[in-house]
Amino acid sequence: MRSAPTILHLDMDAFYASAEQAAKPSLRGKAVVVGGLGPRGVVATASYEARRFGVHSAMPTAQARRLAPHAAYLTPRFTLYRDVSNQVMGLLRELSPLVEPLSLDEAFVDLEAGGAAFDGGSAREVGERLRADIRRVTGLSGSVGLAVSKMLAKIGSERAKPDGLVLIEPGTERQLLAPLPVRVLPGVGPATGDHLRRAGITTVDEIAEAGQDELVRLLGRAHGTGLYAMALALDERPVVSEREGKSVSVEDTYDLDIHDRVRVRGEVARLAERCTRRLREAGRSGRTVVLKVRRYDFSTLTRSETLRGPTDDPAVVREAAARLLEGVDTTGGVRLLGVGVSGLADYTQEDLFAQAAGERAAAEAEAAAEADELAPQGPAAEVVDPVAPAAPEERRWPAGHDVVHAVHGPGWVQGSGVGRVTVRFETPTSAPGRVRTFRTDDPELSLSAPLPLVEGDGGAGEG
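Residues numbered from 1 in each chain as written. Predicted model: local features only at pLDDT ≥ 70, side-chain atom pairs only at ≥ 80, totals over all residues. Heavy atoms only, no water.

Trainee: So what about the confidence of the model for the protein? Which residues, and what values?
Mentor: Within the protein, residue pLDDT values average 86, and 87% of them lie at 70 or more. Ignoring residues within four places in sequence, the model shows residues 349-395, a span with pLDDT below 50, making 98 contacts including any to other chains. When the criterion is pLDDT under 50, residues 458-463 qualifies, and its contacts beyond four places in sequence or with other chains add up to 14 contacts. (pLDDT = per-residue confidence, 0-100. Contact = heavy atoms within 4.5 Å.)

Trainee: Give a detailed account of unusual backbone geometry, specifying residues and quantitative values.
Mentor: Residues apart from glycine generally show negative phi values, whereas peptide bonds are mostly found in trans. Going from K161 to P162, the amide bond is cis rather than trans, its omega being -10°. In this structure, P162 sits in the loop between helix 6 (150-160) and strand 8 (165-167). With a phi angle near 45°, A14 is a residue other than glycine that sits in the positive phi range. For A14, the position within the fold is in the loop between strand 1 (7-12) and helix 1 (15-23). By relative accessible area, A14 is classed as buried at 5%. Backbone geometry at A233 places phi at a positive 70°, although glycine is not the residue there. Tracing the chain through its elements places A233 in the loop between helix 11 (221-231) and strand 9 (247-258). (Helix = DSSP H or I, 4+ residues; strand = E, 2+ residues; numbered from the N terminus. Buried < 20%, exposed > 50% of the residue type's maximum accessible area, 1.4 Å probe, protein only.)

Trainee: So what's going on with the environment of P181? Which residues, and what values?
Mentor: On the secondary structure map, P181 appears in the loop between helix 7 (173-177) and helix 8 (190-198). Between the alpha carbons of P181 and I207 there is a distance of 10.0 Å; along the sequence they are 26 residues apart. The contacts of P181, once residues within four sequence positions are left out, are T202, T203 and V204.

Trainee: Provide a residue-level description of helix 13 (residues 314-326), including the pertinent values.
Mentor: In an α-helix, one full turn covers 3.6 residues, which means residues spaced three or four apart are oriented alike. Between its first and last C-alpha, helix 13 extends 18 Å over 13 residues, near the 18 Å set by a 1.5 Å rise per residue. The complete set of buried residues in helix 13 reads P314, A315, V316, V317, R318, A320, A321, L324 and L325. (Expected span 1.5 Å × (residues − 1).)

Trainee: For the packing of aromatic side chains, give the residues involved together with the corresponding values.
Mentor: Centre-to-centre distance and the angle between the planes together describe a pair of aromatic rings. Under the counting rule described, the total for this entry stands at six aromatic pairs. For the ring pair Y16 and F78, a centre distance of 5.5 Å and an interplane angle of 85° mean the geometry is edge-to-face. Taken together, the residues span a long stretch of sequence, with Y16 in helix 1 and F78 in helix 4 (residues 78-93) at a distance of 62 residues. On the basis of relative accessibility, which here comes to 13%, the residue F78 falls in the buried class. A centroid spacing of 4.3 Å and a plane angle of 5° characterise the contact between Y16 and Y81, whose relative ring orientation is stacked. With Y16 in helix 1 and Y81 in helix 4, this pair connects stretches of sequence that are 65 residues apart. Residue Y16 is classed as buried on the basis of its relative accessible area of 15%. For Y81, a relative accessible area of 0% gives the class buried. Counting every residue linked through ring pairs, the aromatic cluster contains F15, Y16, F78 and Y81. Stacked on the ring of Y48, the Lys or Arg R51 has its end atom at 4.5 Å from the ring centre. For the cation-ring pair, R65 lies above Y73, with the distance from its terminal atom to the ring centre recorded as 4.4 Å. (Phe/Tyr/Trp six-rings, centres within 6.5 Å; stacked < 30°, edge-to-face > 60°. Lys NZ or Arg CZ within 6 Å of the ring centre and 35° of its normal.)

Below you can see the structure in the form of structure tokens.
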């Protein structure tokens, strides 16, 4: 294990909610909750103002509404979050070739590998400069932990929240870890935590006192040995710059079960387009198309078809997914759909099925892709349905999403219902704006791409 605190862990502060506050001047300093808004919705992120009411991620949105009824509840805008994440990850890669992203808003960086830092002083300077650069480029804040290992750097960033930096000095690790709960250690989830608690072990110091033999008896050799080393602050895990993906997949969960077979087919086609777009963005192709269907009774079915060679053709994946769907009974209703591609390769094989992507199919794919860029993505997101003309109004005008009016300009949806949509007209760089209400079918009002959070930034909002 290294002797200098040159492993950095960055965690953006309340990322989705902070991005929404930066985009919407009227919400700054107010409680904001981002997640699914329907009866099955789950909180993705809550602003620090909302957390004071007890709202936290993974909480059912219905429970969050009871705790914070006056908060702003918004559906996710993953196009914006991905754009901002790309900006942040770009700053990290300027520091070192060894950057290990864990999610859109979290990553490890090996500063020593990039020659950016060699001791505590230089590491702290890099961390403070990074935080300033993130705020300058994105307008958002991130918390930084610096330590000799990944485990300790992550603990440091958690202690630094919000908008801070914590450097754990070498030699102080055991003293820092001793009083912390066992859940702070990697690999200790709810089940392991409960198992240790029943054995009278609730803190990291008690793990160390129990000894390796006792932990092996309780948890098995691999888990017990690893956990004992972690309790002694021994973590040799390297920062890994590339995680070789075995598959690329996308899925959506629906607030109301889908019963219309035509709409189910449309959703599968849309998911296939999203999946192949991600394949192409990653420069990959795949041989096996996988369809996932979760039905009304929570039973989950997966079907797969292996092609004659790897492809990234949207038409090929779309047709394969459609064939797989024909063998699935959806009459009782569908609550989740997913399309994935596995068996990844770095090349494609042309014309697998008589090249179904002619001019008409290509035009349809482009139209679906354009519609999807305006739709929220992710398992807890509301779904903008490009197929069924009678989709519920809340799906056509997701709360928090961007719109533009031919007369009033850009704004965002505050809410919709009973044939009306309420819009607040403001931008990230304007003062809090005025609210106006329109018919949901107003021809002068349309969904639009997100605007940059920082003036002069061309990253966020590009499709």
